[in-house]
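Architecture and fold: a report
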Amino acid sequence: MWPDIELAVMKGMRTHLTGVRVTDEVPPKVETLGPVVVVQVAGGADSHTSDTATIDVEAFAADRAAMWQLAERARAAVHALAASVAGEVVIDTVDTVQRPVPVPYGNPAVRRAIATYTLTTRASTHA
């Protein structure tokens, strides 16, 4: 069984994103919470020794400039996980599939950018 990659990525990103709520679901009233990053698995495959997980990372902020800044901080945080252990998961590589792009959220009080990354991981560091 493969480890929870969402949890591992969130734990790893939190160390790089102080002052940002990093979660796996869009919280209620996201427009009132300040910067929020949401991490969700979007697909993947495995080779029985490595797991390739595709994740979407959403960056929510009050305006377009803040959204871009947060999206780039989130991108740097995801890429910082390459060649590391996050949440007991060995993350070998991180590749950008789709750079951050603005996607309407349906609430004029918040702006959202979504990016997609592929992470190659191995099993837990604990037996």
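Residues numbered from 1 in each chain as written. Predicted model: local features only at pLDDT ≥ 70, side-chain atom pairs only at ≥ 80, totals over all residues. Heavy atoms only, no water.

A separate point is the environment of Ala82. Looking at the element boundaries, Ala82 is found in the loop between helix 2 (64-79) and strand 4 (84-86). Among the residues examined, Ala82 registers a relative accessible area of 28% and is labelled partly exposed. Here the alpha-carbon distance between Ala82 and Leu119, two residues 37 residues apart in the chain, equals 8.0 Å. Residue contacts for Ala82: discarding those within four places in its chain leaves Ile91, Asp92, Thr93 and Val94. (Helix = DSSP H or I, 4+ residues; strand = E, 2+ residues; numbered from the N terminus. Buried < 20%, exposed > 50% of the residue type's maximum accessible area, 1.4 Å probe, protein only. Contact = heavy atoms within 4.5 Å.)

Right, let's get into unusual backbone geometry. Phi angles above zero are rare outside glycine, and Ala83 is one such case at about 60 degrees. Residue placement: Ala83 occurs in the loop between helix 2 and strand 4. Residue class for Ala83 comes out exposed when judged on its relative accessible area of 71%. Phi is positive for Glu88, close to 70 degrees, though the residue is something other than glycine. Structurally, the position occupied by Glu88 is in the loop between strand 4 and strand 5 (89-102).

A probe matching the size of a water molecule, rolled over the atoms, marks out where space remains unfilled. For the structure shown, the criterion picks out one cavity of 30 Å³ or more. By volume, the largest cavity amounts to about 30 Å³. Taken together, Val57, Ala59, Ala71, Ala74, Arg75, Pro100, Ala113, Ile114, Ala115 and Tyr117 make up the full set of residues lining the largest cavity. Listed by contribution, the elements that provide at least two residues to the lining of the largest cavity are strand 3 (51-61), helix 2 and strand 6 (111-124). Counted by class, the lining of the largest cavity contains nine nonpolar, no polar and one charged residues. (1 Å grid on protein atoms, 1.4 Å probe; cavity = no way out; pocket = protein on both sides within 12 Å on 5 of 7 lines; lining within 4 Å. Points joined across faces, edges and corners; volume = space filled by probe spheres on them. Nonpolar A, V, L, I, M, F, W, Y, C, P; charged D, E, K, R; others polar.)

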